[in-house]
Amino acid sequence: MRRKIRKSFKIFAPGSSLRKRVAYSLAIVRLILVPVIFLAVYYLFVMGRIVDRIVNVDAPAAKLAEQASMEILEARRTARNYVLFQDLEYLRANQESLTKVKQMLLRIGNLEPDEAATVQKGVATVNRYQQQFASAASTMTDPRPEPGERLREAVVAYEKDLDTLVKAARHEKRAQLVQELRTRVGSFDTRIAEAMQAANPALRQVTPELRASSQEALQLTSDLEQQNWRRVQMDHQEARQLIHRAEWSLSIVSAVTLLFSVWVSFILPSQVAKPLVRLREAVDHAATGNYEIDFELHGGGEVVELAKSIQNLTSRSRRQP
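Keep in mind the model is a prediction, meaning the values are calculated, not measured.

About the cut-offs
- Residues numbered from 1 in each chain as written.
- Predicted model: local features only at pLDDT ≥ 70, side-chain atom pairs only at ≥ 80, totals over all residues.
- Heavy atoms only, no water.
- Salt bridge = Lys/Arg side-chain N within 4 Å of Asp/Glu carboxyl O.
- Helix = DSSP H or I, 4+ residues; strand = E, 2+ residues; numbered from the N terminus.
- Buried < 20%, exposed > 50% of the residue type's maximum accessible area, 1.4 Å probe, protein only.
- Expected span 1.5 Å × (residues − 1).
- Polar contact = N/O pair within 3.5 Å; in protein donor to acceptor, adjacent residues only side chain to side chain.
- Core = buried A, V, L, I, M, F, W, Y, C linked by side-chain atoms within 4.5 Å.
- Lys, Arg positive; Asp, Glu negative; His and termini not counted.
- Contact = heavy atoms within 4.5 Å.
- Patch = residues over 30% accessible without salt bridge, like charges linked within 9 Å, V, L, I, M, F, W, Y side chains within 5 Å.
- Areas by Shrake-Rupley, 256 points an atom, 1.4 Å probe, with all protein chains shown as cover.
- Axes fitted to C-alpha atoms, helices over the stretch in contact; angles between N-to-C directions.
- Parallel < 35°, antiparallel > 145°, perpendicular 65-115°, else oblique.
- Nonpolar A, V, L, I, M, F, W, Y, C, P; charged D, E, K, R; others polar.

Asks: Help me understand the pattern of salt bridges, please; the structure alone is not making it clear to me.
Replies: Two side chains that carry opposite charge are able to pair once their charged atoms sit near each other. Counting across every chain of the model gives nine salt bridges. Between Glu 89 and Arg 92 there is a salt bridge, with the nearest N and O atoms lying 2.1 Å from each other. On the criterion of helical spacing, the pair formed by Glu 89 and Arg 92 is a turn pair, its members being three residues apart in helix α2 (residues 88–111). With relative accessibility at 42%, the residue Glu 89 sits in the partly exposed group.

Asks: So what exactly am I meant to see when it comes to α2 here?
Replies: For the α-helix, the turn length of 3.6 residues means that residues three or four positions removed from each other point alike. Between the first and last C-alpha of α2 there are 35 Å, a value that for 24 residues agrees with the 34 Å anticipated at 1.5 Å per step. Capping the start of α2, Asp 87 holds a side-chain oxygen 3.1 Å from the backbone nitrogen of Glu 89, two or three residues further along.

Asks: Explain the nonpolar core to me, please; I cannot follow it from the model alone.
Replies: A general feature of soluble globular proteins is that nonpolar side chains tend to end up buried together. Judged by nonpolar contacts, the single largest core of 25 residues is most densely connected at Val 101, Leu 105, Ile 108, Val 126 and Phe 133. Contributions of two or more residues to this core are made by α1 (18–85), α2, α3 (116–138) and α7 (203–287). Here this core takes nine residues from α1, the largest share from any one element. Core analysis: the next-biggest nonpolar cluster, separate from the first, contains 10 residues, Ile 50, Ala 239, Leu 242 and Val 253 among them.

Asks: Help me out: how do you make sense of the side chain of Asp 58 in this one?
Replies: Within the secondary structure layout, Asp 58 lies in helix α1. Although buried, Asp 58 forms no salt bridge, and the nearest oppositely charged side chain, Arg 53, lies 4.0 Å from it. Once you skip the residues sitting within four places of it in the chain, Asp 58 turns out to touch Arg 53, Glu 112, Asn 228, Arg 231, Val 232 and Asp 235.

Asks: Is there a simple way to explain a nonpolar patch on the surface in this structure?
Replies: There is a patch of nonpolar side chains on the surface, built from Leu 33, Ile 37 and Val 41 and spanning about 280 Å² of accessible area. Take Leu 33: it is sitting in helix α1. Owing to a relative accessible area of 44%, Leu 33 belongs among the partly exposed residues under this scheme.

Asks: So what exactly am I meant to see when it comes to the packing of α2 against α3 here?
Replies: Axes are the key here: two packed helices are described by the angle between their axes and the distance separating the axes. The geometry of α2 relative to α3 is characterised by a closest axis approach of 9 Å and an angle of 170 degrees between their N-to-C directions. Taken as axis vectors, α2 and α3 run roughly antiparallel relative to one another. Residues Leu 91, Asn 94, Gln 95, Leu 98, Val 101, Lys 102, Leu 105, Leu 106, Ile 108 and Gly 109 of α2 lie in contact with α3, whose contacting residues are Val 119, Gly 122, Val 123, Val 126, Asn 127, Tyr 129, Gln 130 and Phe 133. In terms of residue class, the contact of α2 with α3 is built from 11 nonpolar, six polar and one charged.

Here it is in structure tokens:
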């Protein structure tokens, strides 16, 4: 007859029930996922706000300021042509350009409330230019010299100036010559203004004021354009920094999640899997017909209760003949 050997099995189980352990694990997983989801939503929200500011505020304001500058230049051109030709079509075009400038400035003010003071100053400057030009136009009465004669005199004087510059610039550097040519090209308006003053002495006081007010308005619109493009660049830089922070933050959270998952993979087998393996060994031992089994139970929960039930079963089986 085969000798029956008493065998002892040590069962170390968690103090709490397995159901609670699973619930705690799921809760911890959710707590880990919360910062990941929160960070993702936060960075998406901030990125959307930056893109919205670029697309709907800064870039449109810069474009409007650029268009306003072009309209001011157009108003100056039509004003010059009206003085030369006294054609009402140029007067109408001048008024339309100035109206567009004021509308664009007001739209910039609606987009950029912080620029309200600059916008109001620009509108006031355009109104002043408009009033000065209306005053200048009222002084233009017949008799007057023919427009072609005035143009010819201005162009001839301008050509002489350029010829003198080219002849004297043989020994100058190329960069310096180009800069001088740009300056002389920009002085063509001055030549036209001098011709206007010669043709109509009443314009001698109005013309400098017109030039000063139009230049001030042009400078204001140029400043607005540059400021808004700088805002676009700053927003772009902020978006790049935000993406960099998002990458670092999500990388850190992901690393912490990975480390926790590795830690859990070591803890769960020792607290759940190992007691179940020991129970399976005890059942296999009892299946051979050897009911001499002792359990050393430590902890509580479903695993310990199952071990007690197996121990009671083996005890009853031993007492049966």
